[in-house]
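Close look at the chain arrangement
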Amino acid sequence: MSQHRTEELPAGAKEREERPALYGMSLLQLGEVAAELGLPRYAAGQMAAWLYRRGCTDIAQMTDLSKAAREKLAASYRLGLAAPGAVAVSRDGTKKYLYHTAGGHYVESAYIPDGDRATLCVSSQAGCRMGCRFCMTGRQGLRGHLTAGEILNQMASLPECDRLTNMVYMGMGEPLDNPDQVLRSLEVLTSEWGYGWSPTRITVSTAGVVPGLRRLLDESRVHVAVSLHNPFPEQRVEVMPVERAFPVRDVVELLRRYDFSGQRRVSFEYIVLAGMNDSPAHVKELARLLDGVKCRINLIRFHKIPGSPYFSPGDREMEAFRDALSRKGITTTIRASRGEDIQAACGLLSTQRLEGSAGEG
């Protein structure tokens, strides 16, 4: 019998109307809403408090706005929250939630409890245009960008929301291919008028989209994780086509211009593919590429996806690769595999739902 389960959740009060969503707006945008409706300037702060600190689920609950103001607001805007539609539960406690976006697409987020920590891995796009060969999401292609509200909704509508300690933008999509909405979501997360999170609780992952990375480094203080996976350009491009547009050497050179000696960290994600990127030559080239960069390498076991020719090495080989990098002076860890029985990191649940929907049409 299967050790995990997938459940359909009760349909949430998802609003499919054309009215713009308030949830996900910045304080400046809420100020524009107030001005448009003839509300006092301070109404922007009141709306922000209800949206991000008081857990409002209905505009009618914003009781420090006048009844007339709430009616005006509800006539022109909707709240914009939506409950997940399904959840897959792993034997290790990891949960993968499926959301149906306003554009008719499916996205996933993964809730990962670990002792006193609880991390949510959120999506930033429906599908992805990066085309990484080891990623199920990449097979969908890009189907749509998520709004800041749709990104944050994955947190706000999570049943375990109050337990969260960390958030990582490592779900479906390339966050820095959707920089405006990702940066706005980070503004809401970290501002005093928003959720007030410390940037040190948040990590944004990227395959190396340089223009977006530059903006992220300049406009936020969150941690950065770069998907590296191979230090040799001619080999990296075979599994990560983004190498053609944004060579990893250019990404590393950009990172050298920023200070990571304080609380902000940069790490490099490295999915280890047996016989493909785990040789002594790769160790030597990684050490050369990252020389002088204060960073960490996270080694990740490859989770098999349908039709993939790749395999993860065994534990002994993973440990030997880690130790070889550590001897080069690079802090290197092996990330514990979580939710492997529910394919928690690869877009499988959304792909299955997408293909099922296509078959129904």
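The preceding data block contains the structure.
In this text the structure is predicted, and so the values were computed from the model without any measurement.

The rules behind the values
Counting starts from 1 at the beginning of each chain's written sequence and moves along it residue by residue. Where local features are concerned, this predicted model is filtered to residues with pLDDT of at least 70; where side-chain atom pairs are given and counted, the filter is 80 or more; whole-chain, interface and lining totals use all residues. Values shown for side chains rest on all heavy atoms present in the structure; no hydrogens or waters enter the calculation. A run of H or I in DSSP counts as a helix once it spans at least four residues, and a run of E counts as a strand once it spans at least two, with each numbered from the N terminus. Relative accessible area decides the class of each residue, using a 1.4 Å probe on protein chains only: under 20% of the type maximum gives buried, over 50% gives exposed, and in between gives partly exposed. By definition in these notes, contact holds between two residues if any of their heavy atoms fall within 4.5 Å. Accessible surface area values rest on a Shrake-Rupley calculation with a 1.4 Å probe, where residue burial reflects the displayed protein chains alone. Salt bridge, as applied in this entry: a Lys or Arg side-chain nitrogen positioned within 4 Å of an Asp or Glu carboxyl oxygen. Pairing between two strands is assigned when DSSP locates at least 2 bridges connecting them. Clockwise travel from the first strand over the helix to the second, with the strands pointing away from the viewer, marks a crossover as right-handed. Under the pairing criterion, centres of Phe, Tyr and Trp rings, with the six-membered ring standing for Trp, must be within 6.5 Å; the plane angle then separates stacked pairs below 30 degrees from edge-to-face pairs above 60, leaving the rest tilted. For a ring to carry a charge above it, either NZ of a lysine or CZ of an arginine must fall within 6 Å of the ring centroid while also lying within 35 degrees of the normal to the ring plane. To form a nonpolar core, buried Ala, Val, Leu, Ile, Met, Phe, Trp, Tyr and Cys residues must be joined to one another through side-chain atoms within 4.5 Å. In the analysis that follows, any N or O atom pair within 3.5 Å is treated as a polar contact, provided that within protein one partner can donate a hydrogen and the other can accept it, and provided that, for residues neighboring in sequence, both atoms belong to side chains.

Moving on, we come to the overall build of the chain. Tallying secondary structure elements over the chain gives 12 helices and 13 strands in all. Sorting the 361 residues of the chain into buried and exposed places 52% on the buried side. In the chain, 68% of the contacts between residues at least 6 apart in sequence involve partners at least 24 apart. For the chain, the accessible area works out to roughly 16,500 Å², and carbon and sulfur atoms hold 49% of it.

What follows deals with unusual backbone geometry. In this structure, histidine 229 takes a positive phi of about 70° despite not being glycine. With respect to the helices and strands, the residue histidine 229 is situated in the loop between strand E10 (223–227) and helix H7 (233–239).

This part is about the pattern of salt bridges. Within this structure, the stated rule accounts for 13 salt bridges. One salt bridge in this structure joins glutamate 108 and lysine 96, with 3.4 Å as the shortest N-O distance. Within this pair, whereas glutamate 108 is found in strand E4 (residues 106–114), its partner lysine 96 is found in strand E3 (residues 95–100), the two being separated by 12 residues in sequence. Among the salt bridges present, the one from arginine 236 reaches glutamate 243, with a minimum N-O distance of 2.6 Å. Of the two residues, arginine 236 and glutamate 243, neither departs from the other in class, the shared state being buried.

Most of E10 sits inside the fold, with 5 of its 5 residues counted as buried. The side-chain alternation of E10 yields two buried faces, one formed by His223, Ala225 and Ser227 and the other by Val224 and Val226. Relative to E10, strand E9 (residues 202–206) runs parallel, the two being bridged by 4 bridges. Following the sheet pairing, serine 205 is matched in E10 by alanine 225. Of the crossover connections in this fold, the one passing from E9 over helix H6 (residues 210–219) to the parallel E10 is right-handed. Pairing between E10 and strand E11 (residues 266–272): 4 bridges, direction parallel. Each residue of the ladder has a partner; that of serine 227, found in E11, is glutamate 269.

Let's shift gears to the packing of aromatic side chains. In this structure the tally under the stated criterion is 5 aromatic pairs. Seen from their ring centres, tyrosine 270 and phenylalanine 321 are 5.7 Å apart, and the 35° between their planes marks the pair as tilted. In this pair, tyrosine 270 sits in strand E11 while phenylalanine 321 sits in helix H11 (residues 315–327), placing the two residues 51 residues apart along the sequence. On the basis of relative accessible area, tyrosine 270 is assigned to the buried category, the value being 0%. When its relative accessible area of 3% is taken as the criterion, phenylalanine 321 is described as buried. Linked through ring pairs, Tyr23, Tyr52, Trp193 and Tyr195 together constitute an aromatic cluster. Taking the ring centre of tryptophan 50 as reference, the NZ or CZ of arginine 54 above it sits at 4.5 Å. One residue, arginine 201, lies across the ring of tryptophan 197, its end atom 3.7 Å from the ring centre.

In terms of nonpolar packing, the biggest core is built from 100 residues, with Leu22, Met62, Leu73, Tyr169, Leu186 and Phe268 touching the most fellow members. For this core, the element with the highest residue contribution is helix H2 (residues 43–52), accounting for 7 residues. Leave out the neighbours within four places in its chain, and leucine 73 touches Leu22, Val33, Leu37, Met47, Ile59, Met62 and Leu65.

Within the element layout of this structure, glutamate 243 appears in helix H8 (residues 242–245). For glutamate 243, a relative accessible area of 5% puts it in the buried group. Within the structure, the side chain of glutamate 243 is placed 3.0 Å from the backbone nitrogen of valine 248, a separation counted as a polar contact. Residues within four places of glutamate 243 in sequence aside, it is in contact with Pro233, Arg236, Val237 and Val248.

A word on helix H10 (residues 280–289). What H10 keeps buried is the set His282, Val283, Glu285, Leu286, Ala287 and Leu289. Its buried side turned inward, H10 meets H7, helix H9 (248–256), E11 and H11.

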